[in-house]
Structure formats: C-alpha cells, structure tokens
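Notes for the structure review
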Amino acid sequence: MTELDIQRLTTNDLERLVVLESCQPHPGSRRQLEAALNDEDSCVLGAEVAGELVGHAVVARLPFEAELQAMLVAPAMRRRGLAAALLEAVLEQGRQWRSERILLEVRAGNASAIRLYRRAGFSEDGRRRGYYPPLEDRADANREDAILMSRRP
C-alpha cells in the first residue's frame, strides 16, 4: 500500500470531506459533516494517500464510551487495509479519551465491514430490526437490520 497518513480533520477539510461522502449512496449532508468537525466531543479522522482524502471515520465521545458513527473508504481505494488503519486510529482515540468501550452499528448486509470489525475484536451485542432504509429505491426493497457491536479500546 502507498504511504498512508491518518490525521484529525478540521473545518478546513470540509470541502474534501463533502466530495468523499458523495461517493456513497446515502452521503452525510454538508451540515452533518460540518457539525461533526465543529463538535468538541467528536473527532473526524481522515486517511490520505498522496495528499488525497480517501477515507474518514467519525468517532464521538460519550460519558463512558466512544462511538464509531461513520467510516468510509473511497471505492477505488478499498481492499488495501485503509479501513483497518482507520479503525485502529479510532481505537487509539478511544484510549486517549479513556473510554471503557468502543461502540458501533453496521448494516447486517455489509459483510466486509462485519468481517473487519470481528477481526479487530468487536463482538455482536444485539440488533435493531429494520433500522436502516433500503439502499435501493425499489418498492420491494426491505429495511435492513443494524448489528450493534463493541469492544474495549
């Protein structure tokens, strides 16, 4: 893999973050991304390769835990270890915050993300049935379960 740099993003990175988010079916809004960048209890980590923002993770500090709220790697950069590196940075942020656990939720159909989280030591805590809207705008598409996972930092 090419040289990867993971660092905390700031409001100066908002435009790059919006562009990266636009590569997914249900991107976060500009307002949501800006709010995460400005929230003192959130950390937006960016993954850069050759100066290009190719991934990000949003982690929020809760009273006793930290929650991975979003993670994205640009489609052209997947299967190169970037998500694992971002996840390790999220765990490190949780350690810095002295969080007791790192929480996350993932679409039940996102098998590659579930494999990543399990390899990183996350275990399933429960499910939210029908939590996510369908990825496709079809009349016969069903809502998807959210799998709740956690691990100690």
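To be clear, the structure that these remarks concern was listed above.
Presented here is a report on the structure given in the accompanying data block. (Residues numbered from 1 in each chain as written. Predicted model: local features only at pLDDT ≥ 70, side-chain atom pairs only at ≥ 80, totals over all residues. Heavy atoms only, no water.)

Looking at the nonpolar core
To be explicit about the condition: What we call a nonpolar core is a set of buried Ala, Val, Leu, Ile, Met, Phe, Trp, Tyr and Cys residues that are connected through their side-chain atoms within 4.5 Å. Relative accessibility under 20% of the residue-type maximum defines a buried residue, over 50% an exposed one, and the middle range a partly exposed one, all with a 1.4 Å probe and only protein chains included. A run of H or I in DSSP counts as a helix once it spans at least four residues, and a run of E counts as a strand once it spans at least two, with each numbered from the N terminus. When checking whether two residues touch, look at their non-hydrogen atoms; a contact exists if any pair is within 4.5 Å.
Ranked by size, the top nonpolar core spans 40 residues in total, and within it Val106, Tyr117 and Phe122 carry the most contacts. In terms of residues, this core owes the most to one element, helix α3 (residues 82-96), which gives six residues. With near-sequence residues (within four places) excluded, Tyr117 lies in contact with Leu68, Met71, Leu87, Leu104, Val106, Phe122 and Met149.

Observations regarding unusual backbone geometry
Its identity is not glycine, yet Ala50 carries a phi of approximately 50°, on the positive side. Topologically, Ala50 is positioned in the loop between β2 (42-49) and β3 (52-61). Phi is positive for Arg98, close to 60°, though the residue is something other than glycine. Following the sequence through the fold, Arg98 ends up in the loop between α3 and β5 (101-107). The exposure class of Arg98 is exposed, given its relative accessible area of 76%.

Honestly, that's just the spatial picture; any functional story needs more than this.
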